[in-house]
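Given next are the chains, with one letter for each unit.
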Amino acid sequence: MFRKGIQDSDGDFTIENAGPDDYPEIMDVWESAVRATHDFLKPEDFELFKRIIPTDFLPNVDLYVLRQGEKIVGFMGISGENLEMLFISESSRGKGFGKILLTYAVQKVSVKKLDVNEQNKQALGFYEKFGFRIVARSEKDSMGKDYPILHLSL
């Protein structure tokens, strides 16, 4: 598969476009990240999202992975100016990888907007530190579930 992306000056990581071959490892990252950060998620919703993300969400975004060596440690999905998802594996949290991906999204892909679960205070704080501000709130998520969503913009 053709890969394009960036590499840091020390060669410690790369950001690359991703595709279906990467989905199993991406879902491993997603699962570890969600278990670490989404304690508000009902178990049945976790299982539903785990089942539908590879078929209904990943194919519909421009997907990027952050690799450290050969291992995917984080990923993001972008649609137009919207950051649709950004997840860092539980074992790689706190190492600056989220900032690396978000910087890439804003500077190289022109992301200006994103949504975040209201209950995910840590993620909200991260995005606000980056300059995103709440511009609206929805009582339910895009699937009509009772997870309030904050809409943020630069």
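Cut-offs and rules
Residues numbered from 1 in each chain as written. Predicted model: local features only at pLDDT ≥ 70, side-chain atom pairs only at ≥ 80, totals over all residues. Heavy atoms only, no water. 1 Å grid on protein atoms, 1.4 Å probe; cavity = no way out; pocket = protein on both sides within 12 Å on 5 of 7 lines; lining within 4 Å. Points joined across faces, edges and corners; volume = space filled by probe spheres on them. Helix = DSSP H or I, 4+ residues; strand = E, 2+ residues; numbered from the N terminus. Buried < 20%, exposed > 50% of the residue type's maximum accessible area, 1.4 Å probe, protein only. Pairing = 2+ DSSP bridges. Core = buried A, V, L, I, M, F, W, Y, C linked by side-chain atoms within 4.5 Å. Axes fitted to C-alpha atoms, helices over the stretch in contact; angles between N-to-C directions. Parallel < 35°, antiparallel > 145°, perpendicular 65-115°, else oblique. Left-handed = near helix turned anticlockwise from the far one by under 90°. Contact = heavy atoms within 4.5 Å.

*Asks:* Is there a simple way to explain the layout of surface pockets in this structure?
*Replies:* Empty space left among the atoms is revealed by rolling a probe the size of a water molecule over them. Looking at the largest pocket, its volume works out to about 1,200 Å³. Taken together, 46 residues form the lining of the largest pocket, with His38, Met85, Leu86, Phe87 and Asn117 sitting closest to its centre. Those elements that place two or more of their residues in the lining of the largest pocket are helix H1 (23–37), helix H2 (43–57), strand S5 (82–88), helix H3 (97–108), strand S6 (113–117), helix H4 (121–129) and strand S8 (149–153).

*Asks:* Any chance you could explain the pairing of strand S4 (residues 71–79) here in plain terms?
*Replies:* Successive residues of a regular strand alternate their side chains across the two faces of the sheet. Burial within S4 is extensive, with seven of its nine residues counted as buried. Two elements, strand S3 (residues 62–68) and S4, share seven bridges in a ladder whose sense is antiparallel. Looking at the pairing, leucine 63 lines up with glycine 77 of S4. Connecting S3 to the antiparallel partner S4 that follows it, the hairpin turn spans two residues, and glycine 69 within it adopts a positive phi of roughly 70°. Inspection of the sheet shows S4 paired to S5 by six bridges, in the antiparallel sense.

*Asks:* Would you mind showing me how to read the nonpolar core here?
*Replies:* For soluble globular proteins, nonpolar side chains are generally found buried alongside one another. Among the nonpolar cores identified, the biggest contains 25 residues, and Met76, Ile78, Leu83, Leu86, Val116, Tyr127 and Leu152 are the most heavily contacted of them. Only S3, S4, S5, H3, S6, H4 and S8 provide two or more residues apiece to this core. A total of five residues in this core trace back to one element, the largest contributor, which is H3. Among the nonpolar cores identified, the runner-up in size contains 24 residues, and Ile26, Ala33, Met85 and Phe87 belong to it.

*Asks:* What is the right way to look at the packing of H1 against H2 in this model?
*Replies:* Helices that pack against each other are described as a pair by the angle of their axes relative to one another and the distance between those axes. At a closest axis distance of 10 Å, the pairing of H1 and H2 adopts a crossing angle of 155°. Compared by their axis directions, H1 and H2 come out roughly antiparallel. Crossing of H1 against H2: the hand is right-handed. Note on element contacts: H2 touches H1 through Phe46, Phe49, Lys50, Ile53 and Pro54, opposite Tyr23, Met27, Trp30, Glu31, Val34 and Arg35.

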